[in-house]
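Given next are the chains, with one letter for each unit.
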Amino acid sequence: MDLNNFREKYNQDFHLNTENKACLCGSKKNKKLFDFDRYLLKNRIVTCKDCGLIFANPMLKKSFLQDFYKSDFYRKLYNHELDDNKNDIFLKEGDNSSNAFEFLKKFISSKKNLNIIEIGSGHNSNLVHFKNLGNLHAVDYSTESKNLANKLEIKFEQGGVEVLKKFNIKFDLIILSHVIEHFNDFKNDILEIKKYSNDSSLFYIEVPSMDLKYNLDQLQNAHNFYFTKNTFIKHLD
């Protein structure tokens with residue numbers, strides 16, 4: 001499928017695959033900022049008049065997002081690699097893979113036998129930096145991600161936060177790198193993840209910053225939330 005065909009069908013069915021949402025603060029008062037994302041896919045983006053959070057409204061339904069992620073088409077779309085014969089759909093995703101490890105190493109370098117998980121693991125290149133520190137686990141909707149995790153001997157469950165229970169453990173380190181902005185049921189997804197942490201667990205959460213880059217290039221149809229430092233702290237506190 002090429003971008004033009006995908007765009008035409010996506011925009012045509014947009015009203016069927018989306019639902020109106022209140023802001024995370026509960027407010028229904030907002031102001032429209034954009035109508036399309038950087039690929040000219042319908043993507044109505046608003047800012048909350050009460051707390052300032054920028055988010056998609058209407059928002060893609062969870063069922064659509066799950067199918068979108070499972071297809072792996074979105075990786076080709078976002079990486080500008082729409083050739084169906086291209087094998088390495090993760091080609092450009094590992095460029096910043098050391099960010100989590102470089103930030104966390106001062107906290108965990110002396111520890112061993114940690115239970116470590118990345119939710120939305122994609123290419124799994126974030127996790128490989130932690131291989132000497134404990135047991136690696138991963139969750140992602142992608143079949144290609146699953147295949148790669150198996151090659152890397154990473155324990156893997158296919159799906160979203162709902163499959164965390166299958167591991168049946170508490171994690172010492174939970175990595176969410178460019179993931180929470182995709183959540184459809186934000187508050188409940190965060191609460192579900194917290195169930196699998198303990199009092200000493202570390203969370204590494206990385207998101208695109210609207211403080212650093214506020215322009216059309218930030219906008220992707222599957223991004224439901226766009227955080228500044230202030231709104232990030234407010235809604236994760």
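No experiment lies behind these values; they were computed from the predicted model shown.

Some words on the packing of aromatic side chains
Turning to step 1, where the next piece is worked out: All chains considered together, the criterion is met by 16 aromatic pairs.
Turning to step 2, where the next piece is worked out: Where Phe 167 meets Phe 171, the ring centres are 5.9 Å apart and the plane angle is 85 degrees; that geometry is what we call edge-to-face.
Turning to step 3, where the next piece is worked out: Phe 167 gets classed as buried once you look at its relative accessible area, which sits at 14%.
Turning to step 4, where the next piece is worked out: Since its relative accessible area comes to 1%, Phe 171 is described here as buried.
Turning to step 5, where the next piece is worked out: Through a chain of ring-to-ring contacts, three or more aromatic side chains come together here, namely Phe 6, Tyr 10, Phe 14, Phe 64, Phe 68, Tyr 69 and Tyr 141.
Turning to step 6, where the next piece is worked out: Over the face of the ring belonging to Phe 103 we find Lys 106, whose NZ or CZ atom lies 4.6 Å from the ring centre.

Quick notes on the sheet that holds strand E3 (residues 42-48)
Turning to step 1, where the next piece is worked out: With antiparallel pairing, the four strands of this open sheet are ordered in space as E2-E3-E4-E11. Since the sheet does not close on itself, it has two edges, and those belong to strand E2 (30-36) and strand E11 (225-226), each with one partner.
Turning to step 2, where the next piece is worked out: Relative to strand E4 (residues 54-56), E3 runs antiparallel, the two being bridged by three bridges. Across the sheet, residue Thr 47 finds its bridge partner in E4, namely Ile 54.

Things to note about the sheet that holds strand E7 (residues 134-140)
Turning to step 1, where the next piece is worked out: Spatial ordering of the open sheet is given by E8-E7-E6-E9-E10, a layout of five strands whose pairing is parallel. Whereas interior strands pair on both sides, the edge strands pair on one side only; in this sheet they are strand E8 (155-158) and strand E10 (197-206). In this sheet, adjacent strand axes meet at a mean angle of 20 degrees when their direction is disregarded.
Turning to step 2, where the next piece is worked out: The sheet contact formed by strand E9 (residues 171-177) and E10 spans six bridges and is parallel. Looking at the pairing, Ser 177 lines up with Glu 206 of E10.
Turning to step 3, where the next piece is worked out: Strands in contact with helix H4 (residues 99-108) are strand E6 (114-119), E9 and E10; relative to E10, the strand with the most contacts, it is inclined by about 150 degrees.

The rules behind the values
Residues numbered from 1 in each chain as written. Predicted model: local features only at pLDDT ≥ 70, side-chain atom pairs only at ≥ 80, totals over all residues. Heavy atoms only, no water. Phe/Tyr/Trp six-rings, centres within 6.5 Å; stacked < 30°, edge-to-face > 60°. Buried < 20%, exposed > 50% of the residue type's maximum accessible area, 1.4 Å probe, protein only. Lys NZ or Arg CZ within 6 Å of the ring centre and 35° of its normal. Pairing = 2+ DSSP bridges. Helix = DSSP H or I, 4+ residues; strand = E, 2+ residues; numbered from the N terminus. Axes fitted to C-alpha atoms, helices over the stretch in contact; angles between N-to-C directions. Contact = heavy atoms within 4.5 Å.

Without other data, these values stay purely geometric and don't point to any function.
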